[in-house]
Amino acid sequence: VASGTLDGVRFILDAIPGAKATPPCAVLTTPHALGGDFEVSREESGDRYFKRIGLTSEVQTGDAGFDREFYLSGSREYLGSLFGEAQARDAVRALFRLGFDKVALQGEKLSAIKPFCTQLLDLDTLRSALKQLVALRATPGVRAALITQAPSTAQIIYASVTVLIAGCILFIAAERTTEPF
């Protein structure tokens, strides 16, 4: 693991050893203060098949070449706002040209993953990749995407359970404090 600041950008670079079904990889992560969740990977034949039979759907950016090459998963509103911007699509393309095969935002961590990498990245690749991650997180659509982002299913369930528990507590308290006529 290496971490630090390069050209004013904080980062963590982790070399993850491979496992049985997973190749070794390098994971470059930089903070993303606005948070959110999405993943971009190359669109594979399985993705196209599942879309064709209706088991999955994907956000389309309006850039036919980008839509054919990459598979976007995450919040439709978030992805539509973010990748509707050419700056975000260009940053993803540049990262994939550098050998990365996945770009992901999980919470406040924006990451690029480079497979079959058994050591830390060289300085030029690190600098280039960080430049693209910064471009991606600085895309004008990021703030708009977060403003329009709908609550997740987990958030809705949590809120519903919280209201249900509060209602039960209030009902029990009311039963105990009221006197029969």
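Structural data are supplied above this passage.
The model shown is predicted, which means the values in this text are computed figures rather than measured ones.

**Q** Before we go on, may I ask you to explain helix 5 (residues 123–137) in this structure?
**A** Counting along an α-helix, one turn takes 3.6 residues, and residues three or four places apart therefore face a common direction. Here helix 5 contains 15 residues, and its C-alpha end-to-end distance of 21 Å stays within 8% of the 21 Å for a straight helix at 1.5 Å per residue. Every buried residue belonging to helix 5 is among Thr-125, Leu-126, Ala-129, Leu-130, Gln-132, Leu-133 and Leu-136, and all of these are buried. Take helix 5 and look down its axis: the buried residues cluster within an arc of 165°, on one side only. Opposite the buried face of helix 5, by more than 90 degrees, sit the exposed residues Asp-124 and Lys-131. One side-chain oxygen of the residue at the start of helix 5 lies 3.1 Å from the amide nitrogen of Asp-124, identifying that residue as Asp-122.

**Q** What am I meant to see in the pairing of strand 6 (residues 102–106) here?
**A** The pairing of strand 4 (residues 37–42) with strand 6 spans five bridges and is antiparallel. Within strand 6, the position partnered with Val-40 by the bridge is Val-103. Of the pairings in the sheet, the one linking strand 6 to strand 7 (residues 109–115) comprises five bridges and is antiparallel in character. Bridged to Gln-106 within strand 7 is Lys-109.

Quick notes on the rules
Residues numbered from 1 in each chain as written. Predicted model: local features only at pLDDT ≥ 70, side-chain atom pairs only at ≥ 80, totals over all residues. Heavy atoms only, no water. Helix = DSSP H or I, 4+ residues; strand = E, 2+ residues; numbered from the N terminus. Expected span 1.5 Å × (residues − 1). Buried < 20%, exposed > 50% of the residue type's maximum accessible area, 1.4 Å probe, protein only. Arc of directions from axis to C-beta. Polar contact = N/O pair within 3.5 Å; in protein donor to acceptor, adjacent residues only side chain to side chain. Pairing = 2+ DSSP bridges.

Everything listed here is a matter of geometry and, on its own, says nothing about what the molecule does.
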